[in-house]
Amino acid sequence: MERFRGEAIGMDVDRGAIKAVQISKAADGFVLKHVGYHKLPEGAIIEGEVADSEMLAKEIKEFWDLHSFRGKSVVLGVAGRNVIVRFVDFPRLSPEDLASAMGFQAEEHIPIPLDDAVLDHLVLGPSTENPDEDRVLLVAAHRDMISGYTTAARSGGLRPAGIDVKALALMRSALPDALFDNEETVLLLDIGTEISNLVIVQNRMPTLTQFIPLGFRDFSQAVAEAANIEADEADRQALNPRANIGSFLHDADEDRVESSSEAETLALDAYKPEGEGEADGGGSEVDDTLEIDPSAVRGDEEEIEESSEAADDGAAEFADDGVGEDGSEGTSDDEEGVPDGASFVGSGGRESGGEATDDGDDVSGAGEDGREGTEGGDGVSDGESDTESGEGAGGGDGVSEEDGGVGEDVEDAGVVGGEAKTEELSWDPALMYDVRRGLEDAAGRLAEEVQRSVEFHNSRSDAREVARIFISGEGALVRGLENYIEDLLGVATERARPAAKLAANRSNVSDEQLGAMEAVLAISLGLAMEDE
């Protein structure tokens with residue numbers, strides 16, 4: 001699929017929120033054009049699957065109407081118990097013969113009836129155990145799961161142009177390019193609202209992927225139980241910088257902790273730009289002030305007028321539209337709601353086509369086994385804002401032709417932010433002790449799951465020891481979590497910096513705001529960065 005015929009939009013939908021980014025591809029790399037965030041109500045997504053398609057479609061439409069994304073084609077991501085990934089060795093065959101063979105052999109490896117599954121595969125390279133065979137990544141997703149997302153997206157007015165495994169998207173956005181030179185084995189962990197996506201990468205290829213049924217919601221629930229406080233308050237306290245659980249900050253230093261600006265940075269109302277017809281680069285300035293009234297900010301110093309629906313590539317009925325692998329638009333009468341020609345896009349160059357299904361879908365991703373997701377969390381984003389303006393974004397000025405705000409529903413934002421209310425709370429050492437106990441309990445459970453994945457990876461004959469862990473997602477904004485995981489696992493751990501993959505930032509958020517948001521946007525950025 002020629003993803004960069006226009007500007008790619010990656011849309012990460014989970015239980016907590018819709019996170020979307022639009023990027024274009026320039027000669028020197030990716031350019032960020034627009035960012036959006038929209039909190040989802042309870043009941044739309046559960047355990048990584050669409051639970052209420054009508055509700056999700058309504059939320060998608062509302063989100064899109066409040067933003068200025070160009071076009072309607074989006075790449076979606078999936079994760080959870082109904083996404084199965086296996087690594088298998090096959091005799092070296094032509095792409096056509098391999099595709100045929102995979103169709104016959106998939107039943108031996110995939111615990112889903114083939115009639116109910118969407119399949120794809122990706123050749124990773126020669127098998128380390130037998131050089132005459134190839135290591136093949138086989139991915140299957142339950143057709144109903146895919147249909148749930150594509151149907152809701154179409155009903156919300158969008159075109160699903162592709163489906164990707166979220167963990168695989170992380171490889172494109174969160175894995176530093178410099179690590180390819182020293183060939184370190186790296187573990188990427190995106191701690192979402194209710195599911196954490198894990199992938200281990202060795203020799204630039206995935207060796208294992210897990211979907212861990214733990215997310216930010218588990219951190220919040222642990223805080224609520226330990227401190228005996230309500231859920232909304234637990235969301236805020238889980239992101240309170242004073243509740244730092246990292247070893248680098250000791251109790252004696254707590255009074256010097258400043259409340260993070262990330263909550264205020266993320267809590268921006270969406271709005272329509274005043275000059276949508278302006279020439280490139282002529283957008284209004286974005287207010288990058290960190291002292292923000294979340295309910296009032298529109299991002300422009302002047303009063304912003306409500307404008308018509310975001311610029312798109314044509315006003316049409318999209319209920320049955322699909323996008324073919326050649327980038328052309330198509331029409332599908334598929335009753336399942338799976339897009340004609342949509343694909344689970346792969347990590348690098350696709351060496352072979354996916355197994356065709358009745359609906360023309362194909363899938364590709366990375367992982368070892370899909371762990372079952374459980375109810376997770378509804379709260380995100382806070383933590384320190386330590387990214388310098390311009391980091392990883394090529395010194396972008398944070399100004400866009402489509403100066404849209406980031407998100408909405410911020411007055412109740414237990415998700416992007418923990419709100420600015422946290423810093424207004426009085427300092428209560430007893431409360432902080434309980435909050436910290438809850439956070440450490442959840443962090444310990446997550447670390448145990450990560451350790452199991454590392455041990456499984458190490459059981460391979462050709463495995464190299466995991467040298468570094470990069471964390472992202474809403475949970476990564478729990479203050480000090482990377483230090484705590486490092487202490488528990490004995491592996492160097494740091495927060496991922498996906499904005500470093502950008503050559504420039506010409507979006508509706510400033511570089512400083514992007515630095516605060518990038519951990520939450522890691523998967524959506526990875527979805528948009530697929531160029532095959």
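Structure first, text after, so check above.
Residues numbered from 1 in each chain as written. Predicted model: local features only at pLDDT ≥ 70, side-chain atom pairs only at ≥ 80, totals over all residues. Heavy atoms only, no water.

Draft legend 1. Broad picture of helix H3 (residues 143–155). Here H3 spans 18 Å end to end across 13 residues, near enough to the 18 Å set by a 1.5 Å rise per residue. Most of H3 is tucked away, with 10 of its 13 residues classed as buried. Taken as a whole, H3 has its buried residues at Arg-143, Met-145, Ile-146, Ser-147, Gly-148, Tyr-149, Thr-150, Ala-152, Ala-153 and Arg-154. Of the residues one or two after H3, Gly-157 is the one with positive phi, at around 95 degrees. (Helix = DSSP H or I, 4+ residues; strand = E, 2+ residues; numbered from the N terminus. Expected span 1.5 Å × (residues − 1). Buried < 20%, exposed > 50% of the residue type's maximum accessible area, 1.4 Å probe, protein only.)

Draft legend 2. Quick peek at the environment of Phe-30. Relative to the helices and strands, Phe-30 is located in strand S3 (residues 29–39). By relative accessible area, which is 16% here, Phe-30 ends up buried. For the pair formed by Phe-30 and Ala-499, sequence separation is 469 residues and the distance between their alpha carbons is 9.9 Å.

Draft legend 3. Summary view of the sheet that holds strand S2 (residues 17–26). Strand order in the open sheet formed by 6 strands is S10-S6-S1-S2-S3-S18, and the pairing between neighbours is mixed. The two strands at the open ends of the sheet, each matched to only one other strand, are strand S10 (159–165) and strand S18 (502–505). Geometrically, the sheet is characterised by an average inter-axis angle of 30 degrees between neighbouring strands, direction not taken into account. Here strand S6 (residues 73–78) pairs with S10 via 6 bridges, running parallel. Note on S10: the bridge partner recorded for Val-74 is Pro-160. Packing of helix H4 (residues 166–173) onto the sheet brings it into contact with strand S1 (8–13), S6 and S10, and relative to S10 it is tilted by some 85 degrees. (Pairing = 2+ DSSP bridges. Axes fitted to C-alpha atoms, helices over the stretch in contact; angles between N-to-C directions. Contact = heavy atoms within 4.5 Å.)

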